[in-house]
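Structural characterization, general
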Amino acid sequence: MTRRLLAVPVGVLALALTAPGCGGSSGSDQQLAFTRARERTAPEIYVVNDDGGGLDRLTLDPSDDIGPAWSPDGEKLVFARNRHENFDLWTMSADGTGIVPLAEHPGDDGFPSWSPDGNRIAFASDRDGNFEIYVIAADGSRAERLTNHPASDLAPHWSPDGRKILFDR
């Protein structure tokens, strides 16, 4: 099977946005966010300083928490949580407080990526049958499907100018 990276232009309603992506650096704090599953526990979200010190667990939930992505200002994280037999996107403050669902529905959401200006989040979802690329406002409103293809579209990342989204098909 051949895998290709494709880019789609962001529509007129899209804002110029960027995102460091899953497991990226927050910039201001120089921390890395990542998923860690310890023996006999669900995967949780952790942060660590870029020098390897200061390991902190941000989530402690019986659900699987995976795929964190920093907001461009380093103040928030978006991640996928498997709470009701499917993964939905959730957000939290960089210190692990204020955990709230971004959007809940049947189907799996994952691979979140903040836009460069922090106003939108691109993600992959199978809510319509197979994985496609969607964009949602950072407040959870205005979800919009960008792709419609029989193959799975995954791992979206914004271009630096926020005009295109690169993804894997």
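Above this text you will find the structure in question.
What comes next concerns the included structure.

What counts, and at which threshold
Positions within a chain are numbered from 1, following the residues in the order the chain's sequence is written. Only residues with pLDDT of at least 70 are given local features in this predicted model, and only at 80 or more are side-chain atom pairs given and counted; all residues enter the totals for whole chains, interfaces and linings. Values shown for side chains rest on all heavy atoms present in the structure; no hydrogens or waters enter the calculation. Per the convention used, a helix needs a DSSP run of H or I reaching at least four residues, while a strand needs a run of E reaching at least two, with both numbered from the N terminus. A simple rule labels every residue: compare its accessible area, found with a 1.4 Å probe on the protein chains alone, to the largest value its type can have, and call it buried under 20%, exposed over 50%, or partly exposed in between. Two residues form a contact once any of their heavy atoms are found within 4.5 Å. Methods summary: accessible areas were calculated by the Shrake-Rupley approach with a probe of 1.4 Å, and residue burial reflects only the protein chains presented. Criterion used throughout: strands pair if DSSP finds at least two bridges between them. Contacts described as polar in this section are N or O atom pairs within 3.5 Å, which, within protein, must combine one atom able to donate a hydrogen with one able to accept it, while residues neighboring in sequence count only if both atoms come from side chains. We define a salt bridge as a side-chain nitrogen of Lys or Arg found within 4 Å of a carboxyl oxygen belonging to Asp or Glu.

1. Brief notes about the overall build of the protein
- From N to C terminus, the protein includes 0 helices and 14 strands.
- Counting helices and strands in the order they occur from the N terminus, the protein gives β-β-β-β-β-β-β-β-β-β-β-β-β-β.
- Across the 169 residues of the protein, 45% fall into the buried class.
- Look at the contacts in the protein between residues 6 or more apart in sequence, and 37% of them connect residues 24 or more apart.
- Within the structure as shown, the protein displays about 8500 Å² of accessible surface, and the carbon and sulfur contribution to it stands at 51%.

2. Focus on the pairing of strand β14 (residues 164-168)
- By the bridge criterion, 3 bridges tie strand β13 (residues 154-158) to β14 in an arrangement that is antiparallel. Residue pairing for β14: leucine 154 is matched across the bridge by aspartate 168.
- Counted along the chain from β13 to the antiparallel partner β14, the turn is 5 residues long, and its residue glycine 162 has a positive phi close to 75°.

3. Re the sheet that holds strand β4 (residues 56-57)
- If you walk across this open sheet you meet the 3 strands as β2-β3-β4, and the pairing is antiparallel. Every other strand in the sheet has two partners, leaving β2 (31-36) and β4 as the edge strands with one partner each.
- For β2 and strand β3 (residues 44-49), the ladder comprises 6 bridges, and the chain directions are antiparallel. When the bridges of β3 are listed, alanine 33 appears paired with valine 47.

4. Details of the side chain of aspartate 65
- Inspection of the secondary structure assignment puts aspartate 65 in strand β5 (residues 64-70).
- The class for aspartate 65 is buried, based on a relative accessible area of 0%.
- Among the polar contacts made by the side chain of aspartate 65, one reaches the side chain of threonine 59 at a distance of 3.0 Å.
- If we skip the residues at most four places from it in the chain, aspartate 65 touches Thr35, Pro43, Glu44, Ile45, Thr59, Phe79, Ala80 and Arg81.

5. Here's the deal with the pattern of salt bridges
- Within this structure, the stated rule accounts for 7 salt bridges.
- Between arginine 83 and aspartate 61 there is a salt bridge, with the nearest N and O atoms lying 2.7 Å from each other. A residue pair is termed long-range when its members are at least 10 positions apart, and arginine 83 in the loop between β6 (76-82) and β7 (87-93) and aspartate 61 in the loop between β4 and β5 qualify at 22 residues.
- Classification of arginine 83 by relative accessible area gives partly exposed; the value is 34%.
- The class for aspartate 61 is buried, based on a relative accessible area of 13%.
- Here aspartate 65 ties to arginine 81 by a salt bridge, and the two come within 2.6 Å at their closest N and O atoms. Taken together, the positions of aspartate 65 in strand β5 and arginine 81 in strand β6 put the pair 16 residues apart, joining distant regions of the chain. For the pair aspartate 65 and arginine 81, one class covers both residues: buried.
- Through salt bridges with shared partners, one network takes in Asp61, Asp65, Arg81 and Arg83.

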